Amino acid sequence: MKRALTIVLLIVLAAVLLNAVAALPPHGSPDTPAYTHVGAYYLEHGPEETGSENVVTSVILNYRGFDTNGEVTVIVTALMAVIAVLTGVRDAGNRPDTDATHVEPSVVVRFIVRVLAPFILVFAVYVILNGHVTPGGGFQGGTMLGALVIALTLVLGERESAKLIPQRPIRIIQVIAPLTFVAVGLAGLIAWGDFLSFPRDEQLRPVAEAMLVLIEAGIGIGGAVVFARVFRLMGGRS
Amino acid sequence: MISWPPLLVLFVLTPLVGAVLTPAVSDATGRRSWEWAIGTMLLTSAMAGALIMRVLDEGPFSYVVGGWVAPYGIELHFDEFSASVAVVCLLGLLAVVFSRHYAPAALAPERIPYYYTLLLLNITGMIGFIVTGDLFNLYVFMEILSLSAYALVAISGEKTAEMAAFKYLVMGAVSSLSILFGVGLLYALTGSLNMADVTMRLAGSAKAPLVVAFAALTLGLMVKSALFPLHIWLPDAHAIAPSPVSAILSGLVVKVGILGMLRMYQIAYGSGAIDLSGLNLMLTWLGAISIVMGAFFAVFQDDIKMMLAYSTISNIGYIVMGLGLASSYSLIGATVHVFNHALIKATLFLGAGALIHQTGQRTLSGLAGVGRSMPFTTAAISIGAISIVGIPPTAGFLCKWYIALGALQAGQPLFAVALVFGALLIFVYYIRMVNAFYFRKPQDAGASAVHEAPATMLVPVLVLATLCLVMGVLGSLPLSFIEPAVARLLAPLGGG
């Protein structure tokens, strides 16, 4: 009975939603509001106004940079939530024993991860630093960097892998993404009068690029640390 | 300084930076993180004061981040409704003060810096949500505040707290998706995310997606506000969370849904693209059911915080009913009740927290006779109780009076009856509480041996209780403050 009711409800809901989607401006047509209003402005003026060769970057770091500032804060909030819930557990006996379930990874896995590590690192740094001109950026490169730390954590064993995340400055590094964002934004406020504003003169283009690279690097490093720390905390490590 | 435009964006960033730096400045005891959080909240509150002075002076104002022009960059907007940041800052500050002795008793020491971080992030999310003029930016700040709220419920580490937080998380995540879906539909229809721009471009849009967009937004926001029948996550989450967190969640976080609804109404009424009278009728009914149902369940609770949590559902009912009636009186009453209920509920939750901290008891039977050993705390709670029932001259009276007037103004006297009936039920359960404090004998000798709460707990509770009285006496101030905003909101409907 309950199941039948659920199915009927879902069908009705699907019908309503499909009906609404069918009445939307046709997807992909050049005349829809999504392509003729704000989006069109970004495509037309983005490259010259922001100095960024990549239109996506001009939207996420320039026009809507404040959103991205908020998004990196969401990611940091998630990490803070994980730390707050998983550290300082009072009855440690309840946690699954990490050592008992630990299986030594095979020689093949260890060898391949060690061989690939420098290449993954270089590619991650490349993606981060070129984020403002090519597809990619801090989020993508940071994910690679984080994945690298996770892979190394799996093959290196407890003591060695703990060194991958510097313990002392971690409380700053884990929040470096919003911090660099706000710092660059404040620099824009002091120099050009508005938070997160970038110089628009042709001569000052290298300064604007440097500011963008700084933000991307902050997002990349901060994002990597968030991934790696969440992984380690869930394994009962610090 | 007051009219310096970037102040608006710095107002959002101050608690953000303060929050993420809290663990870095903390020491082993958590004392430094407390001082840091106090400093952050004081600075944020000063900025809120300056912004409210400015809106009093020159009316609503905006700031576009990054020096772009409005629909292309992200616009922050500060109007009379945004002045609710005052109560956000006040409660945030008092909750942090209260936590001085509460946090070390309730939390593992490693978690204390992260507790303050999450509290400040929660405040950041609310401030951003309230002052943004951009639909997607609204969603981003809503996520900051939701994520931090889930973690704050779970932070004590007890099994029940983790379960309550998980239930909250599942409901909250679905509601966030619903809101994002609504925002996406509005973007597909208008090509813009700026609220003012969307309002202008919405006229003549296709009917079906518009209806679904507003339905999705309402559904999502009302889950956040715990309107009946979307309230099931609230009692556990609010009752089990640490008391300062309960005060923030019940006083402020549930109101975010209401403030989001006000933004939605600004778009809907301003554009004239959609007729919301059907939705409003439904909200009025659900509000009335919430009032009665929340009060009814509260009567049967023995756990003092559980009772307060059900009372929040009841009060959200009042506010939503005020929104749904959509007359000028009811809207003024509802928006002012957002403010007053925050003060009252924070008094009650912080007061209850002080009682629980001192006695270790959280049931009415366990707290019997506590009025003798903790006279100030119980007096403050009693003032909160009188306020929430709505007895003049306390803060709860005028807004409920206005909502009732609004029901008559809208030609719906039945709802005024529901309101009075709800108030009577609320009276019953608060009488039970006051009776337990003052007129019942302590169960065991331990209850009479307890002392009054330490100053860091007592002062916030007394300040809030005083404000409950002051807002009752000066109740017409916020009413006249919010009136122009409500008049502007209702102007497209023909004056309401």
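These numbers come from a predicted model, not from an experiment. (Residues numbered from 1 in each chain as written. Chains lettered and ligands numbered in written order. Predicted model: local features only at pLDDT ≥ 70, side-chain atom pairs only at ≥ 80, totals over all residues.)

1. Examining the overall build of chain A
Selection criterion: Helix numbers and strand numbers start at the N terminus; a helix is a DSSP run of H or I with at least 4 residues, a strand a run of E with at least 2. Field definition: a residue is buried when 20 or more other C-beta atoms are found within 10 Å of its C-beta, exposed when 12 or fewer are, and partly exposed for counts in between, with C-beta atoms placed from the backbone. By the convention adopted here, residues make contact when the C-beta atoms placed from their backbones lie within 7 Å.
Helix and strand counts for chain A come out as 11 helices and zero strands. For chain A, the α and β elements follow one another from N to C terminus as α-α-α-α-α-α-α-α-α-α-α. Expressed as lengths along the three principal axes of its C-alpha atoms, the size of chain A is roughly 65 × 60 × 40 Å. For chain A, the residues scored as buried account for 37% of the 238 residues in total. Restricting to contacts in chain A with at least 6 residues of sequence separation, those with at least 24 account for 70%.

2. So, the overall build of chain B
Selection rule: With C-alpha atoms as the basis for the radius of gyration, the globule rule is written as 2.2 Å multiplied by the number of residues raised to the power 0.38.
A count of helices and strands for chain B gives 20 helices and two strands. Taken against the 2.2 N^0.38 rule, which gives 23 Å for 496 residues, the C-alpha radius of gyration of chain B at 21 Å falls within 12% of a compact globule. Taken along its principal axes, the extent of the C-alpha atoms in chain B is 70 × 55 × 40 Å. In chain B, buried positions account for 66% of the 496 residues. Residue pairs at least 24 apart in sequence account for 80% of intrachain contacts in chain B once pairs closer than 6 positions are excluded.

3. Observations regarding the interface of chain A and chain B
Here is the rule: Three classes are used: nonpolar for Ala, Val, Leu, Ile, Met, Phe, Trp, Tyr, Cys and Pro, charged for Asp, Glu, Lys and Arg, and polar for all others, with Gly counted as polar.
With 49 residues of chain A at the interface, the matching set in chain B holds 49 residues. Sorting elements by how many residues they give to the side of chain A that touches chain B places helix 5 (residues 65–86) of chain A first, with 15 residues. In the side of chain A that touches chain B, the residues fall into 30 nonpolar, 13 polar and six charged.

4. What to know about the nonpolar core
To be explicit about the condition: Among buried residues, those of type Ala, Val, Leu, Ile, Met, Phe, Trp, Tyr and Cys that are joined through C-beta atoms within 7 Å form a set called a nonpolar core.
Formed by 263 residues in total, the largest nonpolar core has its most connected members in Leu-91 and Val-153 of chain B. No other element matches helix 13 (residues 328–359) of chain B, which puts 18 residues into this core.

5. Re the pairing of strand 2 (residues 75–78) of chain B
Residues and elements named next belong to chain B. This is how it is decided: By definition, two strands form a pair when at least two bridges between them are found by DSSP.
A two-sided burial pattern is seen for strand 2, the buried positions comprising Glu-75 and His-77 on one face and Leu-76 and Phe-78 on the other. In this structure, strand 1 (residues 61–64) lies alongside strand 2, joined through four bridges in antiparallel fashion. When the sheet's bridge partners are listed, Tyr-63 is paired in strand 2 with Leu-76.

6. Observations regarding the environment of Gly-39 of chain B
Among the secondary structure elements, Gly-39 of chain B is positioned in helix 2 (residues 31–58). Between the C-alpha atoms of Gly-39 of chain B and Leu-93 of chain B, which are 54 residues apart in sequence, the distance is 9.2 Å.

7. What about the confidence of the model for chain B?
Defined as follows: A score from 0 to 100, pLDDT tells how confident the predictor is in each residue.
When pLDDT is averaged across chain B, the result is 90; 98% of the residues are at 70 or more. Taken together, the chains of this predicted complex give a pTM of 0.93 and an interface ipTM of 0.91.

8. Section: helix 8 (residues 207–225) of chain B
To keep it simple, the criterion reads: Given the number of residues in a helix, its expected span is that number minus one, multiplied by 1.5 Å.
Counted at 1.5 Å a residue, the expected span for helix 8 of chain B with its 19 residues is 27 Å, and the 27 Å between its end C-alpha atoms agrees. A positive phi of about 60° marks Ala-226 of chain B, the residue just after helix 8 of chain B.

9. A word on the packing of helix 5 (residues 135–154) of chain B against helix 6 (residues 159–190) of chain B
All names here are of chain B. Our working rule: Axis angles are defined between N-to-C directions and span 0 to 180 degrees, where every axis is a line fitted to C-alpha atoms and, for a helix, only to the segment in contact. Note on angle classes: values under 35 degrees are labelled roughly parallel, values over 145 roughly antiparallel, values of 65 to 115 roughly perpendicular, and the remainder oblique.
Their axes nearest at 9 Å, the elements helix 5 and helix 6 cross at an angle of 175°. The orientation of helix 5 with respect to helix 6, classified from their angle, is roughly antiparallel. Note on element contacts: helix 6 touches helix 5 through Ala-161, Glu-162, Ala-164, Ala-165, Tyr-168, Leu-169, Gly-172, Ser-176, Ile-179, Leu-180, Val-183 and Leu-186, opposite Leu-135, Phe-136, Tyr-139, Met-142, Glu-143, Ser-146, Tyr-150, Val-153 and Ala-154. Within the contact of helix 5 with helix 6, the residues separate by chemical class into 16 nonpolar, three polar and two charged.

10. Remarks on unusual backbone geometry
Residue and element names in this part refer to chain B. Of note, the amide linkage connecting Phe-228 to Pro-229 takes the cis form, showing an omega dihedral of 0°. With phi around 60°, Ala-226 is a residue other than glycine that occupies positive phi space. When you line up the elements, Ala-226 lands in the loop between helix 8 and helix 9 (234–240). The class of Ala-226 is buried, set by 27 C-beta atoms lying within 10 Å. Phi at Ala-326 is positive, roughly 55°, even though this residue is not glycine. Along the chain, Ala-326 turns up in the loop between helix 12 (304–325) and helix 13.

11. Here we look at the environment of Glu-216 of chain A
Residues and elements named next belong to chain A. Topologically, Glu-216 is positioned in helix 11 (residues 205–234). As a C-alpha pair, Glu-216 and Leu-61 span 155 residues in sequence and 9.0 Å in three-dimensional space. Look past the residues within four positions of Glu-216 in its chain and what remains in contact with it is Ile-128, Leu-129, Gly-131, His-132, Gly-137 and Gly-138.

12. Some details on the packing of helix 15 (residues 375–389) of chain B against helix 17 (residues 413–439) of chain B
Residue and element names in this part refer to chain B. It is at 9 Å that the axes of helix 15 and helix 17 come closest, and there the two elements cross at 170°. Put simply, helix 15 runs roughly antiparallel to helix 17. Contacts between helix 15 and helix 17 involve Thr-378, Ser-382, Ala-385, Ile-388 and Val-389 from the former and Ala-423, Ile-426, Phe-427, Tyr-430, Met-433, Val-434 and Phe-437 from the latter. Here the contact of helix 15 with helix 17 is composed, by residue class, of 10 nonpolar, two polar and no charged.

13. A few points about helix 20 (residues 476–490) of chain B
Residues and elements named next belong to chain B. What counts is decided by this rule: What we call the bend at a residue is the angle made by axes fitted to the seven residues finishing there and the seven residues starting there.
Relative to the 21 Å expected for 15 residues at 1.5 Å per residue, helix 20 spans 20 Å between its end C-alpha atoms, a close match to the ideal helical length. Its axis deflected by about 35° at Glu-483, helix 20 carries its strongest bend there, up to four residues before the proline Pro-484. Residues of helix 20 that are buried: Pro-478, Ile-482, Ala-485, Val-486 and Leu-489. Structurally, helix 20 contributes buried residues whose contacts are with helix 10 (243–271) and helix 13.

14. Some thoughts on the environment of Gly-371 of chain B
All names here are of chain B. Structurally, Gly-371 can be placed in helix 14 (residues 370–373). A C-alpha to C-alpha distance of 43 Å links Gly-371 and Phe-78, two positions 293 residues apart in sequence. Contact partners of Gly-371, with chain neighbours within four places excluded, come to Thr-378, Phe-437 and Tyr-438.

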